[in-house]
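Spelled out, the chains give:
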Amino acid sequence: MKIVMLGPPGAGKGTYASRLNVSLGIPHISTGDMVRDEIKAQTELGKKIKQYSDKGELVPDDIIIQLLADRLKKPDCKKGFILDGFPRTINQAEALEKISRIDVVVNIKVPDDIIITRLSNRVTCKKCGAIYNLLTLKPKKEGICDNCGGELYLRYDDKPKVIQERLNVYRKNTEPLIKYYRDKRLLKDIQCNDLMTPPEVIVAQILKILEKIEKK
Ligand code: AMP
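All of these numbers come straight from a predicted model, not from anything done at the bench.

**Student:** Which parts of the structure should I look at to understand the sheet that holds strand β2 (residues 28-30)?
**Tutor:** Picture the strands of a sheet paired through backbone hydrogen bonds; they go either parallel or antiparallel. Pairing is parallel in the open sheet, where five strands are placed in the order β2-β3-β1-β4-β8. Either end of the sheet is taken by a strand with one partner, and the two such strands are β2 and β8 (187-191). On average, adjacent strands in this sheet sit at an angle of 20° to one another, irrespective of strand direction. Two strands pair when backbone bridges link them, and strand β1 (residues 2-6) and strand β3 (residues 81-84) are joined in this way by four bridges, in the parallel orientation. Considered in β3, the bridge of V4 is made with L83. Seen against the sheet, helix α8 (residues 176-183) touches β1, β4 (104-109) and β8 and runs at an angle of roughly 130° to β8.

Below is the structure:
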């Protein structure tokens with residue numbers, strides 16, 4: 001199954017995708033993680049894209065499309081994949097169509113107040129990338145990842161000023177993808193109105209949708 005997770009920053013795409021990865025046995029591909037890895041490794045590409053990412057702006061399409069195209073060529077993507085954070089522009093969606101078929105686009109709808117509360121309380125593991133929330137999904141031991149014992153940190157772009165910019169960028173560049181995929185009859189909406197809804201509940205809803213598609 002080839003899945004795209006769509007939704008604003010803080011909608012829970014990464015949290016749900018990492019759980020779907022376990023249930024479905026297909027890779028969770030986060031272009032945001034790929035961008036952060038390049039920056040951390042201080043590659044030439046990393047140095048180039050840091051300026052955009054730090055400000056909450058999108059990395060230019062040609063760079064991110066190339067990164068994703070290379071990732072999708074890897075053998076673990078043959079059976080399927082879960083894309084998290086890609087596509088983010090119509091141009092990227094058109095490029096993706098040339099690279100691979102897509103079976104479903106899961107559109108996670110979340111009110112703005114939840115997004116802001118989520119992002120300002122989100123911490124991520126430096127080592128394995130697991131995502132926690134200091135209000136709703138606390139690690140067992142403060143500052144330490146339950147999975148691997150890695151150190152938890154607040155992402156630079158989860159600071160209030162950058163969050164606002166990322167939301168603006170989402171509205172302008174990414175939201176048009178909802179109509180784009182609805183017109184192609186690929187879109188399935190998932191609504192989450194309550195900050196305290198456990199991820200398992202949403203993941204179960206997504207799995208139900210996927211089951212129905214598979215049966216068709
Ligand atoms: P994320 O973790 O998905 O919120 O992504 C973090 C940052 O990486 C974004 O704010 C962008 O700067 C960059 N990024 C990730 N995915 C994309 C994409 N598909 N297109 C452009 N920039 C991206």
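**Student:** In this structure, what is going on with the pairing of β4? I would like to understand it.
**Tutor:** Here is the key point about a regular strand: its side chains alternate between the two faces of the sheet. In terms of burial, β4 is largely enclosed, as five of its six residues are buried. Bridge count for β4 against β8 is five bridges, and the pairing is parallel. Residue pairing for β8: I108 is matched across the bridge by I190.

**Student:** Sorry, what's going on with the packing of aromatic side chains here?
**Tutor:** In this description, a pair of aromatic rings is defined by centroid distance and the angle of the planes. Summed over all chains, the structure comprises one aromatic pair. Both rings, one in Y180 and one in Y181, keep their centres 5.1 Å apart while their planes meet at 85°; by these two values the pair is edge-to-face. In this structure, Y180 and Y181 share a single accessibility class: buried. Between the NZ or CZ atom of K184 and the centre of the ring of Y180, over which it lies, the distance is 5.0 Å.

Parameters and conventions
- Counting restarts for each chain: residues are numbered from 1 in the order of the written sequence.
- Local features in a predicted model are, by the rule used here, given only for residues with pLDDT of at least 70; side-chain atom pairs are given and counted only at 80 or more, and totals for whole chains, interfaces and linings are based on all residues.
- Derived side-chain values reflect all non-hydrogen atoms in the structure, with water molecules and hydrogen atoms excluded from consideration.
- Paired strands, in this sense, are two strands between which DSSP finds at least two bridges.
- Strands are runs of DSSP state E lasting at least two residues, helices are runs of H or I lasting at least four, and both sets are numbered from the N terminus onward.
- Axis definition: a line fit to C-alpha positions, over the contact stretch in the case of helices; interaxial angles, taken between N-to-C directions, run 0 to 180 degrees.
- Here, residues are in contact when the closest pair of their heavy atoms is within 4.5 Å.
- For each residue, the accessible area found with a 1.4 Å probe, counting protein chains only, is set against the maximum for its type, and the residue is called buried under 20%, exposed over 50%, and partly exposed in between.
- Note on ring pairs: Phe, Tyr and Trp rings are taken, using the six-membered ring of Trp, and paired if centres are within 6.5 Å. Classes follow the plane angle, with under 30 degrees stacked, over 60 edge-to-face and the rest tilted.
- Placement of a positive charge over a ring is assigned whenever Lys NZ or Arg CZ falls within 6 Å of the ring centre and within 35 degrees of the normal to the ring plane.

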